[in-house]
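# Working through the structure, step by step
Residue strings, one per chain:
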Amino acid sequence: MTSVSFEHVTKKFGDVAAVQDLTFQVEDREFLVLVGPSGCGKTTALRLLAGLEEISGGTISIGDRVVNEVPPKDRDIAMVFQSYALYPHMSVYDNMAFGLKLRKTAKAEIHRRVNEAAQILGIETLLDRKPRQLSGGQRQRVALGRAIVREPKVFLLDEPLSNLDAKLRVQTRAEISKLHQRLQTTFIYVTHDQVEAMTMATRIAVMRSGLLQQLDSPQNLYDSPANVFVAGFIGSPAMNFFPAALQEKDGHLRVDAGSFQVPLPAASRERFGGFAGNSVIFGIRPEDIHDPEFAPPGIHAEPVEAQVDVTELMGNEVFLHLVAGPHVFVGRVDPRTRARMGEDHRVVLNMDKAYLFRPDGDQAALA
């Protein structure tokens, strides 16, 4: 059983706190993804776990062992880097076997582990090649293979797909997910790409400025974001936000964004009624903005008049970049839409999927 825990972990570089009071636990065999923009502290947290950086405060444990003072080589982890970090003068076989040779593992055991990992990754025909003779995807598999042969308790992956092209990134993403299922080992994966996080993770930890914003399953992060930052980071295109006022009239709630007003469903009254009369941030995802002709049946569809600024045809859908007064927002609509650039066009918002956040402080979601 190999869990990983961070307890009030802090890392400072001079006066700059790269990681602040970070506390979470990764369960045995879990695939946890740390996600956030550049500079949020996700890679620093991974390096602290690997022992490549010293912590400034707090406790990191692998299993039942506190590893604050344990050298990296004794932590029983394996790390895959963004840059592959392969030795250019060594063959694929020797690159994968190098760590085991340093540990004076028996030759027969090295041969067994390398060939088994190569078979898992589909690179058994590449073992005699040098890294310069490999494609980017093949090099990444070799880097993964070098980690697999260690048979570690925990795999650490630091943006391993960043150097791959879009098609190869999708393919390798699926391969890493299958690898996790096959190895049944704890994976901790760092990325700035929320699509990678959503498709691969058991749970996602969203970070910002060294602080953990929310830790939850991908679906819960999408459905119930804790604040404006998480709501805007998870989902592509990002959620639309509007400064607004929450008003109550004749027992009904409505959101007044200035250039448009939209009522909330009656079912929202119990949840949001206590905030009537206050300023809020109104959020709605692009996929919940529809062309009226093609809106799904049974939703609380409320109309908004807007001008079409830009249209982006994606094949199975169209992204409409819309302007309503001072507000600029995006809708994902049916490709049969008649909306044209520069024209006025009515869209409808699915108010069953409306989000309201506090306008100040941490901009937390209204409960």
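Residues numbered from 1 in each chain as written. Predicted model: local features only at pLDDT ≥ 70, side-chain atom pairs only at ≥ 80, totals over all residues. Heavy atoms only, no water.

Looking now at the layout of surface pockets. Within this model, the largest pocket holds a volume of roughly 570 Å³. Lining the largest pocket are 19 residues, with Met79, Phe81, Gly99, Arg146 and Arg150 positioned closest to its centre. Looking at the lining of the largest pocket, the elements with two or more residues in it are strand E6 (77-80), helix H2 (92-102) and helix H4 (136-148). In terms of residue count, the dominant contributor to the lining of the largest pocket is H2 (4 residues). The residue inventory of the lining of the largest pocket, partitioned by class, reads 13 nonpolar, 2 polar and 4 charged. As for the second largest pocket, its lining consists of 18 residues, and the residues nearest its centre are Arg271, Phe272, Asp352, Ala354 and Tyr355. At the level of elements, helix H9 (269-272) and strand E20 (355-357) are the ones that each hand at least two residues to the lining of the second largest pocket. Here the lining of the second largest pocket is built from residues that sort into 12 nonpolar, 2 polar and 4 charged. (1 Å grid on protein atoms, 1.4 Å probe; cavity = no way out; pocket = protein on both sides within 12 Å on 5 of 7 lines; lining within 4 Å. Points joined across faces, edges and corners; volume = space filled by probe spheres on them. Helix = DSSP H or I, 4+ residues; strand = E, 2+ residues; numbered from the N terminus. Nonpolar A, V, L, I, M, F, W, Y, C, P; charged D, E, K, R; others polar.)

Strand order in the open sheet formed by 6 strands is E6-E7-E8-E3-E9-E10, with mixed pairing between adjacent strands. Sheet topology places E6 and strand E10 (211-216) at the edges, where each strand pairs with a single neighbour. Neighbour to neighbour, the strand axes of the sheet diverge by 15 degrees on average, direction disregarded. Relative to strand E7 (residues 154-158), E6 runs parallel, the two being bridged by 4 bridges. The residue of E7 that forms the bridge with Met79 is Leu156. (Pairing = 2+ DSSP bridges. Axes fitted to C-alpha atoms, helices over the stretch in contact; angles between N-to-C directions.)

So, on to the side chain of Asn95. Structurally, Asn95 is set in helix H2. In this structure Asn95 comes out as buried when scored by relative accessible area, which is 0%. (Buried < 20%, exposed > 50% of the residue type's maximum accessible area, 1.4 Å probe, protein only.)

Residues at a pLDDT of 70 or more form 99% of the protein, whose mean pLDDT is 93. Across the protein, element-level confidence peaks in strand E15 (residues 289-290) with a mean pLDDT of 98 and bottoms out in helix H5 (residues 166-183) with 87. (pLDDT = per-residue confidence, 0-100.)

Time to look at the side chain of Lys11. Structurally, Lys11 can be placed in strand E1 (residues 4-13). Buried charge without a partner: Lys11 forms no salt bridge, and the closest opposite charge is Glu53, 4.2 Å away. Looking at Lys11, its side chain comes within polar contact range of the main-chain oxygen of Glu54, at 2.8 Å. For Lys11, the contacting residues outside a window of four places in its chain are Val16, Ala17, Ala18, Val19, Thr44, Leu48, Glu53, Glu54 and Ser56. (Lys, Arg positive; Asp, Glu negative; His and termini not counted. Salt bridge = Lys/Arg side-chain N within 4 Å of Asp/Glu carboxyl O. Polar contact = N/O pair within 3.5 Å; in protein donor to acceptor, adjacent residues only side chain to side chain. Contact = heavy atoms within 4.5 Å.)

In terms of nonpolar packing, the biggest core is built from 46 residues, with Met96, Val114, Ile123, Leu157, Ile176, Tyr189 and Val206 touching the most fellow members. In contact with Tyr189, not counting residues within four places along its chain, are Phe31, Leu32, Val33, Leu34, Leu157, Pro160, Leu161, Ile176, Glu196 and Met200. Phe272, Val308, Leu322 and Ala339 belong to the second largest nonpolar core, which has 31 residues in total. (Core = buried A, V, L, I, M, F, W, Y, C linked by side-chain atoms within 4.5 Å.)

Attention now goes to the pairing of strand E12 (residues 252-256). Pairing between strand E11 (residues 240-249) and E12: 5 bridges, direction antiparallel. Bridging across to E12, Gln247 finds its partner in Arg254. Here E11 folds back onto E12 in antiparallel fashion, the turn holding 2 residues, of which Asp250 has a positive phi close to 55 degrees. Taken together, the 3 bridges between E12 and strand E13 (residues 261-263) define a ladder with antiparallel strand orientation. Residue pairing for E13: Val255 is matched across the bridge by Val262. Between E12 and E13, which pair antiparallel one after the other, the connecting turn spans 4 residues, and Gly258 there sits at a positive phi close to 90 degrees.

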